[in-house]
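Chain and residue survey
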Amino acid sequence: MVWPEVEDSWTEEELLCRKGMFKFSKIKEKLNLTTADLTKISRDALKQNINTYETYGFGKPKGSQYIVRMSLFREFYSEFNQRKDLPTNIDLDQVQTVPKNIKNANLLLELRGYYYLKDICSFSPFRESEENIRNTIRAHEDQEQAKATLGCWYDAGKREFFVDMELFPNWFFSSVWVRN
């Protein structure tokens, strides 16, 4: 089998219009995807008895790397990108920094607005629970729902975790902190 060469000059659109089988490692940067993205999709598909190669156009032969059948993959990729641009993706101008005069979690709880999870988790008791928080967010397939119910979510486009301080404390103290 011959693997097509991927030209540096190709745009994302030009690549998606090509025919043939591609090694994922050769195209992932142009498509702004990671191996972890495909692995998560594969795991979810396996739970639903979906063959990713037949349905989405990508697969991983045993002991090998992901391969992409572009004729099917381009359709999957288009749908995947639409899901990535969920309304939870906020304008970074809306994200505030924690004021310097905040020295403890009690003062932090009075804040309103959007913040980076990593900034909120620099205060105890959030710091000790950061891994639990992230795992709970990752477990949600629908990040819009995570935002509404947890007050925190993952923005795939920005590759960041965010917090809505109006919703987050209630969920945290009723669900996470009581378990620790």
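Here, every reference points to the structure presented above.
Attention in this report is confined to the structure presented alongside it. If you're wondering where the values come from, they're calculated on a predicted model, not measured in any experiment.

The next thing to look at is helix H2 (residues 24–31). Of the residues making up H2, those classed as buried are Phe24, Ile27 and Leu31. Taken around the axis of H2, the buried residues stretch over an arc of 80 degrees, which confines them to a single face. Residues of H2 that are exposed and angled more than 90 degrees away from the buried face: Lys26 and Glu29. Looking at the residues trailing H2, positive phi occurs at Asn32, about 55 degrees.

In this section: the nonpolar core. Looking at soluble globular proteins, one finds that nonpolar side chains tend to be buried together. Ranked by internal contacts, the top residues of the largest apolar core, which has 28 residues, are Leu108, Ile120, Phe126, Ile133 and Phe168. At the level of elements, helix H6 (105–108), strand E4 (114–116), helix H7 (117–120), helix H8 (126–139), helix H9 (143–150), strand E5 (152–155), strand E6 (160–164) and helix H10 (168–176) are the ones that each hand at least two residues to this core. Element by element, the count of residues in this core is highest for H10, at four residues. Counting residues in hydrophobic clusters, the runner-up holds 21 residues, among them Leu15, Phe24, Leu33 and Tyr77.

Let's shift gears to the sheet that holds E5. Strands sit in the order E4-E6-E5 across an open sheet of three strands; the sheet is antiparallel. Where the open sheet ends on each side, the last strands, each with one partner, are E4 and E5. Neighbour-to-neighbour, the strand axes of the sheet open up by a mean angle of 35 degrees, direction not taken into account. Relative to E6, E5 runs antiparallel, the two being bridged by four bridges. The residue bridging Cys152 from the neighbouring strand is Val163, located in E6. Here H9 sits on the sheet in contact with E4 and E5, set at roughly 155 degrees to E5.

The next thing to look at is the sheet that holds strand E2 (residues 58–59). Reading across the sheet, the three strands line up as E1-E3-E2 and stay open at both edges, with antiparallel pairing between neighbours. Single-partner strands in this sheet number two, and they are strand E1 (21–23) and E2. Here E2 pairs with strand E3 (residues 67–69) via two bridges, running antiparallel. Paired with Gly59 across the bridge in E3 is Ile67. Where H2 meets the sheet, it contacts E1 and E3, and its direction lies at approximately 85 degrees from that of E1.

For the rest of this paragraph, the subject is the state of the cysteines. What the rule picks out here adds up to zero disulfides. Not engaged in a disulfide, the cysteine Cys152 finds its nearest cysteine sulfur in Cys121; these two sulfurs lie 8.6 Å apart. Exposure remark for Cys152: the relative accessible area of 0% places this residue in the buried category.

If you trace the backbone, Phe173 turns up in helix H10. Its relative accessible area of 26% is what places Phe173 among the partly exposed residues. Between the C-alpha atom of Phe173 and that of Gln145, which follows or precedes it by 28 residues, the distance is 19 Å.

Attention now moves to the packing of H8 against H10. For any two helices packed against each other, the geometry comes down to the angle between their axes and how far apart the axes lie. The interhelical angle for the contact between H8 and H10, taken along N-to-C directions, is 95 degrees, at an axis separation of 12 Å. As judged from the angle between their axes, H8 and H10 are roughly perpendicular. Of H10, the residues touching H8 (which contributes Phe126, Ser129, Asn132, Ile133 and Thr136) are Phe168, Trp171, Phe172, Phe173 and Val176.

Reading the values: the criteria
Residues numbered from 1 in each chain as written. Predicted model: local features only at pLDDT ≥ 70, side-chain atom pairs only at ≥ 80, totals over all residues. Heavy atoms only, no water. Buried < 20%, exposed > 50% of the residue type's maximum accessible area, 1.4 Å probe, protein only. Helix = DSSP H or I, 4+ residues; strand = E, 2+ residues; numbered from the N terminus. Arc of directions from axis to C-beta. Core = buried A, V, L, I, M, F, W, Y, C linked by side-chain atoms within 4.5 Å. Pairing = 2+ DSSP bridges. Axes fitted to C-alpha atoms, helices over the stretch in contact; angles between N-to-C directions. Contact = heavy atoms within 4.5 Å. Disulfide = S-S within 2.5 Å. Parallel < 35°, antiparallel > 145°, perpendicular 65-115°, else oblique.

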